[in-house]
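# Chain and residue survey
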Amino acid sequence: MTVSTGPTDEAGPLDATTVAELRQIIARYPQSRSALIPMLHLLQSVEGRVTARGIEMCADLLGISAAEVSGVATFYTMYKRRPVGTYHVGVCTNTLCAVMGGDAIFERLKDHLDVGNDETTPDDGGGASITLEHVECNAACDYAPVVMVNWEFMDNQTPESATRLVDDLRQGKEVRSTRGPRICTWREAERVLAGFPDDRADDGPAAGPASLLGLRIAREQGWSAPPTEHAGGTQNPKEGS
Ligand code: FES
C-alpha cells in the first residue's frame, strides 16, 4: 500500500487498495454505517485529512448521503479537514491541566513553533512538521499537565520539556511516550485507529502508579465496595436502606 507519511499538503492516493480496506472495515459490522468512524480514520491515514473525495467515497460504499458522512466528519474533533503535519501535538488546556501548567505549555509552544491553535509548522522540505492544537480532557488528569503526540500520552509536562519534545520530533529523533510506546507519525496512528494494528499495542503499562493510587490505598486499608442487596450488583446500596 502506498501511504505517504511525510509533511505534505497533497492528498495521497485513494486507490484500489484503500477501497478494499474500506470494504474490510465495513465487513466488521452488522450495520454497515457503523463502520464510518474507522473508515474516516483510514482515509486520514492515506490523505492526511478528510477530503471531499473521501467523503464521497464513504457515502458511496455505505449507501448514505455525503451530507451524513460530512456531519460525522465535522462533528468529531479527531477528524481534520485541513492537512495535519507529521505529528499532531495536543496540549490539554482543560481545567486541571490548565491550572497545573497546560496554559503555559500551550503559550510556550505557540511562540516556539510560531503557529496558532490548529495550525501547522511550514514544510521546509527537511524536518518533520508539527500541528499544534489545544485539546480537551483526555482522562489523564492524574498526570496533569499532559501533552499528547498523535494521542500518545506525555505525562507531567513543563514548558521546557514540551519544547524539547517538539524539537526532538522536528529533528527526527526517536521519541517515546512517557508510558513507553515509540511515537509514530500521525498517519501511522490513524491507521491503527482504523483497526489495522501495528506491533505496539502492548507497549507500556496499562495504568500507572498515579491512576492506581486509590486502589492501592483501598487494599492497604482493607476497604472494599459496599455489598448490594441483589445478586448482580446493580442496585445502589443507599436505595435499599
Ligand atoms: S484536564 Fe487534562 S487530562 Fe484531564
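Before reading further, recall that the structure is shown in the block above.
Residues numbered from 1 in each chain as written. Predicted model: local features only at pLDDT ≥ 70, side-chain atom pairs only at ≥ 80, totals over all residues.

Of the regular secondary structure elements, the chain holds eight helices and five strands. Sequence separation of at least 24 residues holds for 61% of the intrachain contacts in the chain that already meet a minimum separation of 6. (Helix = DSSP H or I, 4+ residues; strand = E, 2+ residues; numbered from the N terminus. Contact = placed C-beta atoms within 7 Å.)

What follows covers the packing of helix H2 (residues 36-47) against helix H7 (residues 186-193). Look at H2 against H7: their axes get within 7 Å of each other, and the N-to-C directions meet at 155 degrees. On the basis of their axis angle, the class for H2 and H7 is roughly antiparallel. The hand of the H2/H7 crossing is left-handed. Residues Pro38, His41, Leu42, Gln44 and Ser45 of H2 form the contact with H7, whose own contacting residues are Arg187, Glu190, Arg191 and Leu193. (Axes fitted to C-alpha atoms, helices over the stretch in contact; angles between N-to-C directions. Parallel < 35°, antiparallel > 145°, perpendicular 65-115°, else oblique. Left-handed = near helix turned anticlockwise from the far one by under 90°.)

Another aspect to go through is the nonpolar core. Ranked by internal contacts, the top residues of the largest apolar core, which has 29 residues, are Val89, Val91, Leu109, Val146, Val147 and Val166. Elements represented by at least two residues in this core include exactly strand E1 (87-92), helix H5 (95-113), strand E3 (130-135), strand E4 (147-149), strand E5 (152-154), helix H6 (159-170) and H7. The element best represented in this core is H5, accounting for five residues. Residues contacting valine 166, with those up to four places away along its chain left out, are Val89, Leu109, His112, Leu113 and Ile130. Of all hydrophobic cores here, the second largest spans 15 residues; its members include Leu22, Ile25, Leu43 and Val50. (Core = buried A, V, L, I, M, F, W, Y, C linked by C-beta atoms within 7 Å. Buried ≥ 20, exposed ≤ 12 C-beta atoms within 10 Å, placed from the backbone.)

On the basis of which strands lie adjacent, the open sheet formed by five strands has the order E2-E3-E1-E4-E5 and mixed pairing. Every interior strand has two partners, whereas the edge strands, strand E2 (119-120) and E5, have only one. Pairing of E2 with E3, which is carried by two bridges, proceeds in the antiparallel orientation. In the strand pairing of E3, glutamate 119 is matched with leucine 132. (Pairing = 2+ DSSP bridges.)

Attention now moves to the environment of tryptophan 151. Residue placement: tryptophan 151 occurs in the loop between E4 and E5. C-alpha of tryptophan 151 to C-alpha of methionine 78: the two residues are 73 residues apart in sequence and 9.8 Å apart in space.

What follows is about H5. Of all the bends in H5, the greatest, near 70 degrees, is centred on glycine 101. When H5 is considered as a whole, its buried residues turn out to be Cys97, Gly102, Ile105, Phe106, Leu109 and Leu113. Looking at the buried positions of H5, the neighbouring elements they touch are E1, E3, E4 and H6. Following H5 by one or two positions, aspartate 114 adopts a phi angle in the positive range, close to 60 degrees. (Bend = angle between axes of the 7 residues up to and from the residue.)

What follows is about helix H1 (residues 16-26). If you check which residues of H1 are buried, you get Thr18, Glu21, Leu22 and Ile25. Projected down its long axis, H1 carries its buried residues within an arc of 105 degrees, all on one side. Counted as exposed and oriented over 90 degrees from the buried face of H1: Ala16 and Ala20. Against H2 and helix H3 (52-62) lie the buried residues of H1. (Arc of directions from axis to C-beta.)

Bringing the packing of H5 against H6 into the picture now. For the pair H5 and H6, the least separation of the axes is 9 Å and the interaxial angle reads 40 degrees. The orientation of H5 with respect to H6, classified from their angle, is oblique. The handedness of the crossing between H5 and H6 comes out as right-handed. Between H5, through Ala104, Ile105, Arg108, Leu109, His112 and Leu113, and H6, the contact on the second element is made entirely by Pro159, Ala162, Thr163 and Val166. Residues belonging to the contact of H5 with H6 are distributed by class as follows: seven nonpolar, two polar and one charged. (Nonpolar A, V, L, I, M, F, W, Y, C, P; charged D, E, K, R; others polar.)

The subject of this paragraph is the pairing of E3. Regular strands place their side chains on alternate faces of the sheet. Most of E3 sits out of view: five of its six residues are buried. Direction of pairing for E1 relative to E3: parallel, over a ladder of six bridges. From the neighbouring strand, valine 89 faces E3, where its bridge partner is leucine 132.

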